[in-house]
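Spelled out from the first residue to the last, the chains are:
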Amino acid sequence: MNAPAERAAALAGIGESRLRKEDARFIQGKGNYVDDMKLPGMLHMDIVRSPLAHARIKRINKDAALAIPGVHAVLTADDLKPLKLHWMPTLAGDVQAVLADEKVHFQMQEVAVVIADDRYIAADAVEAVEVEYEELPAVVDPFAALKPDAPVLREDLAGKTEGAHGKRTHHNHIFTWEAGDKAAADAAFAAAPVKVRQKMYYPRVHPCPLETCGCVASFDPVRGELTTWMTSQAPHVVRTVVSMLSGLPESKVRIISPDIGGGFGNKVGVYPGYVCAIVASIVLGRPVKWVEDRVENISTTAFARDYHMDGEIAATADGRIVGLRVNVVADHGAFDACADPSKYPAGLFHVCSGSYDIPAAYCRVDGVYTNKAPGGVAYRCSFRVTEAVYLIERMVDVLAQQLKMDKAEIRRKNFIRREQFPYRSPFGLEYDSGNYHAALDKVLAAVDYEALRAEQAAKRADPKSTTLMGIGLCTFTEIVGAGPSKMCDILGVGMFDSCEIRVHPTGSALARMGTITQGQGHQTTYAQIIATELGIPSEVIQVEEGDTSTAPYGLGTYGSRSTPVAGAAIAMAARKIHAKARKIAAHLLEVGEGDLDWEIDRFKVRGDDQRFKTMKDICWAAYHEAPPGLEPGLEAVHYYDPPNFTFPFGIYLTVVDIDKLTGETAVRRFYALDDCGTRINPMIIEGQIHGGLTEGYAVAMGQQMPFDAQGNLLGNTLMDYFLPTAVETPKWETDYTVTPSPHHPIGAKGVAESPHVGSIPCFTNAVVDAFSHLGITHMDMPHTSWRVWRQLKQSGVA
């Protein structure tokens, strides 16, 4: 096997659609999840939760619960106060009650925990704990929360006019965050002949991963060491937080994230259940397991979205956008527990100028407390990017509709041109690369866009047509790869990531990462990067993640940062090894390093193809024949702090048919073109895009978390909360272009979250487009049959 093509194929490196290495384990039921953990003497924890959204706790009686055989302890906030653990810091700079301290702030808030011999005894004991409440007025509307006479929701913050992100202007106000140039935007609007405005609500939704949250905490009182198996997307950050809370040296805290059944941002933060299980293990000296049920997961763990957005565009008469203004009221729930970088309390919402060359723009976001569960995570997106993309893509459609312009043509007119990259947006973000015009042309040709518009016109002219036809277009840019430490940190820790590679004498390798997979295929794609960089077959490269005692410190997996940040760390660590391997090869071949050429898996003497050393030869020599003065071995560690974010983009088009009788929306076609830069494994990319599109379909067409006036969540089971099955999921057509990132070591940008970001406004644009000839400019999600039928009725079409 000496032909270069054969040797390259044997590596199965970058660009190869190789099967996922981890799948053999999972399809045989050999996964290892938190709830699979069984330790000697392990106890089980369950949580007493408030039925009310806002109430004072008058009395807690534990006696009946403690009398149940097998119950070891019942803990309340009063029990945690001596340890100063009844409140904990959030990732957003706020504090959150671990167990409700004299007052509950949202329905199903944690009030007490029970520790027992098994989960069934613990559940019985939860029912036996008696809690007396004094109900208080609940506030679930952020606009109502800002009224002068609104109840004070966070009495622990009474009198504090400064928060973690600046001045608080009201007792239920959290922060005001601004970006862009307000004066320039106002001037653009004053001079523009065309102005459009649209208010829209992006409803509260939940990531709802297949596996709920849980942990097994095991404290060794002899060694003073704590080991916790946990459903965490960021185990090193959790280790740091646990050390800060418990007072244990970080060197004696070990967090292990085993196999994780989906995260989607829901498993980034630290939940009260984790803290209570750890405290219980320390106090009782035995392992303690806590695993929540589905109702608890949907009701209390981190939500996403809940943004009330007011967008304005200023434009010329021929459709050239000259200004953008956006004002947002963000419902953060009872505590500000958003998982955003410290400097950006509204995440990366300032990517809301999208793929368009807009001269002047300004946005403002006000965070508000309400009596809802805290959260605000990046549900399969980078921080608040989904909301930003939804806003700009809806606004461009609104502008096109007012000007009676084609929605593809108005986008083409306003795109950032290829020659403008790297492009500085009006919000100061530097887009790395893009080629939007070529991608749009490819999509429009693939679907025969002109024929679709002609068909739509014919249907609208036919009074006997039983359906409305809508064509949705979304041309989005995402910002991922958090992030440059100069811009991004969590609790003061910069958002770099890391890789350690050890190459063994026989030519196999072990790589340890600061990220943690939740189904993204890291064991496969990371090995492929190393294979291409070092000429070692990916099949013999083992990837380990998730154990803080063995992996180098990293910030975890979320916000599509695995490839942009960790993938870069892998390439850079591999290149350190490659440089050392070159020295060894030169020594073995008795030539200078400059006389060698690299070809796939070997170093060759330039001009003499018969004189070479393969990487396998070099691996063996590194451990017994290293050059004088060069230490033995082939190992390297690299911490990669990116110079910038990466900016993947996509062009999506969907066609929907709405039944005039029932309001049912059928997705006839969905065509998704993504550009994620260098494509490491096309098969895994395809799978990730399918998953993201399916979750986007769920959000646009069915997901919501409605509350009544008393703060009761009206849909916290899978009977109510929409998760599409194979029956409802449309057929996806995928395509791609390749525009590498110029600052990334291998040109990769990240892809797994783009389909979620882009598909949601694409679906909404399609549904609204079906009604556009009736004068409808916007319809809030979700587009359920009932809500669409109601619009049909109001429009006189049903």
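From a predicted model like this one, the values you see are computed outputs, not experimental measurements.

*Asks:* Can you walk me through the overall build of the protein chain in this structure?
*Replies:* The helix and strand tally for the protein chain stands at 20 helices and 34 strands. For 798 residues, the compact-globule formula gives about 28 Å, and the C-alpha radius of gyration of the protein chain, at 28 Å, lands near that figure. Reported as C-alpha extents along the three principal axes, the dimensions of the protein chain are approximately 85 × 75 × 50 Å. Each of the 798 residues in the protein chain was classed as buried or not, and the buried ones make up 62%. Here the analysis covers contacts within the protein chain between residues at least 6 apart in sequence; of these, 79% occur between residues at least 24 apart.

*Asks:* Mind showing me how you'd approach the sheet that holds strand β25 (residues 497-503) here?
*Replies:* Sheet strands pair via backbone hydrogen bonds, and the direction of the pair is either parallel or antiparallel. Pairing is mixed across the open sheet formed by four strands, whose spatial order is β27-β26-β25-β31. The sheet is open, and its two borders are formed by β27 (541-544) and β31 (634-640), each paired with just one other strand. The mean inter-strand angle of the sheet, taken between neighbouring strand axes irrespective of direction, is 15 degrees. When strand β26 (residues 509-513) meets β27, the two strands line up parallel, connected through four bridges. Paired with Leu510 across the strands is Gln542, a residue of β27. Strands in contact with helix α15 (residues 522-534) are β25, β26 and β27; relative to β27, the strand with the most contacts, it is inclined by about 130 degrees. The sheet strands contacting helix α16 (residues 562-589) are β25, β26 and β31, and the helix crosses β31 at an angle near 145 degrees.

*Asks:* What exactly am I supposed to notice about the sheet that holds strand β18 (residues 321-333) here?
*Replies:* One open sheet holds the five strands; their spatial order is β11-β19-β18-β17-β12, and the pairing between them is mixed. Of all strands in the sheet, those bounded by a partner on one side alone are β11 (173-180) and β12 (194-205). Sheet twist, expressed as the mean angle between neighbouring strand axes with direction ignored, is 10 degrees. As judged from the 11 bridges shared by β12 and strand β17 (residues 304-315), these two strands associate in the antiparallel manner. Within β17, the position partnered with Val194 by the bridge is Ala315. Contacts from helix α7 (residues 182-191) reach β11, β12, β17, β18 and β19 (360-369), with the element oriented near 125 degrees to β18.

*Asks:* Explain the environment of Val480 to me, please; I cannot follow it from the model alone.
*Replies:* Here Val480 shows up in the loop between β22 (467-477) and β23 (489-490). By relative accessible area, which is 0% here, Val480 ends up buried. Through-space distance from the C-alpha of Val480 to that of Ser560 is 5.7 Å; in sequence the pair is 80 residues apart. Excluding its chain neighbours within four sequence positions, the residues that come into contact with Val480 are Ser382, Gly559, Ser560, Pro564, Phe645, Thr646, Pro648 and Lys749.

*Asks:* What am I meant to see in the nonpolar core here?
*Replies:* The nonpolar side chains of soluble globular proteins are, as a tendency, buried together. Counting residues in hydrophobic clusters, the biggest one holds 163 residues, and the most contacted among them are Ile313, Phe349 and Leu653. The element that contributes the greatest number of residues to this core is helix α11 (residues 385-403), accounting for 11 residues. Val503, Ala527, Ala621 and Leu634 belong to the second-largest nonpolar core, a separate cluster that totals 45 residues.

*Asks:* Looking at this structure, how should I read unusual backbone geometry?
*Replies:* Excluding glycine, a negative phi dihedral is what most residues carry, and trans is how most peptide bonds are arranged. In the segment running from Phe421 into Pro422, the intervening peptide bond is cis, with an omega of -5 degrees. Here Pro422 is to be found in the loop between α12 (407-414) and β20 (423-424). Geometrically, the link from Ala482 to Gly483 is a cis peptide bond, its omega value of -20 degrees lying close to zero. Checked against the element boundaries, Gly483 lands in the loop between β22 and β23. Phi is positive for Lys84, close to 55 degrees, though the residue is something other than glycine. Among the residues examined, Lys84 registers a relative accessible area of 67% and is labelled exposed. Phi angles above zero are rare outside glycine, and Asp448 is one such case at about 55 degrees. Looking at the element boundaries, Asp448 is found in the loop between α13 (436-447) and α14 (449-461). Assessed through its relative accessible area of 45%, Asp448 is described here as partly exposed.

*Asks:* In this structure, what is going on with helix α5 (residues 119-128)? I would like to understand it.
*Replies:* In an α-helix, one turn spans 3.6 residues, which is why side chains three or four residues apart end up on the same side. Taken together, the buried positions of α5 are Ile121, Ala122, Ala125, Val126 and Ala128. For α5, the angular spread of the buried residues around the axis is 155 degrees, confining them to a single face. Seen from the open side of α5, the exposed residues pointing more than 90 degrees away from its buried face are Tyr120, Asp124 and Glu127. Residues of α5 that are buried sit in contact with β1 (43-49), β2 (55-61), α3 (63-66), β3 (71-76), β7 (110-116) and β8 (130-135). The N-cap residue of α5 is Asp118: its side-chain oxygen and the backbone nitrogen of Tyr120 are 2.9 Å apart.

*Asks:* Whenever I open this one, the packing of aromatic side chains confuses me. Can you help?
*Replies:* Each pair of aromatic rings is reported with the distance of its centres and the angle of its planes. The final tally for this structure, using the stated rule, is 25 aromatic pairs. Relative to Tyr344, the ring of Trp177 lies with its centre 6.4 Å away and its plane at 90 degrees, an arrangement referred to as edge-to-face. One end of the pair, Trp177, is in strand β11; the other, Tyr344, is in the loop between β18 and β19, with 167 residues separating them in the sequence. Residue Tyr344 is classed as buried on the basis of its relative accessible area, which comes to 13%. Above the plane of the ring of Tyr362 lies Lys182, whose end atom (NZ or CZ) is 5.9 Å from the centre. When the ring centre of Tyr736 is taken as reference, the NZ or CZ atom of Lys442 above it lies at 5.6 Å.

*Asks:* Sorry, what's going on with the environment of Cys208 here?
*Replies:* Take Cys208: it is sitting in the loop between β12 and β13 (214-220). Of the residues examined, Cys208 reaches a relative accessible area of 5% and is grouped as buried. Residues Cys208 and Tyr379 lie 171 residues apart in sequence; the distance between their C-alpha atoms is 9.3 Å. Sequence-distant contacts of Cys208, defined by excluding residues within four places in its chain, comprise Arg294, Asn297, Ile298, Leu718, Tyr721 and Leu723.

*Asks:* Help me out: how do you make sense of the pairing of strand β32 (residues 649-659) in this one?
*Replies:* Where a strand is regular, its side chains alternate between the two sheet faces. Burial runs high along β32: 10 of the 11 residues are buried. As paired elements, β22 and β32 share 11 bridges and run antiparallel to each other. When the sheet's bridge partners are listed, Met469 is paired in β32 with Asp657. Sheet topology note: the β32/strand β33 (residues 665-675) ladder contains 10 bridges and is antiparallel.

Here is what the cut-offs are and how they apply
Residues numbered from 1 in each chain as written. Predicted model: local features only at pLDDT ≥ 70, side-chain atom pairs only at ≥ 80, totals over all residues. Heavy atoms only, no water. Helix = DSSP H or I, 4+ residues; strand = E, 2+ residues; numbered from the N terminus. Rg over C-alpha atoms; globule rule 2.2 N^0.38 Å. Buried < 20%, exposed > 50% of the residue type's maximum accessible area, 1.4 Å probe, protein only. Contact = heavy atoms within 4.5 Å. Pairing = 2+ DSSP bridges. Axes fitted to C-alpha atoms, helices over the stretch in contact; angles between N-to-C directions. Core = buried A, V, L, I, M, F, W, Y, C linked by side-chain atoms within 4.5 Å. Arc of directions from axis to C-beta. Polar contact = N/O pair within 3.5 Å; in protein donor to acceptor, adjacent residues only side chain to side chain. Phe/Tyr/Trp six-rings, centres within 6.5 Å; stacked < 30°, edge-to-face > 60°. Lys NZ or Arg CZ within 6 Å of the ring centre and 35° of its normal.

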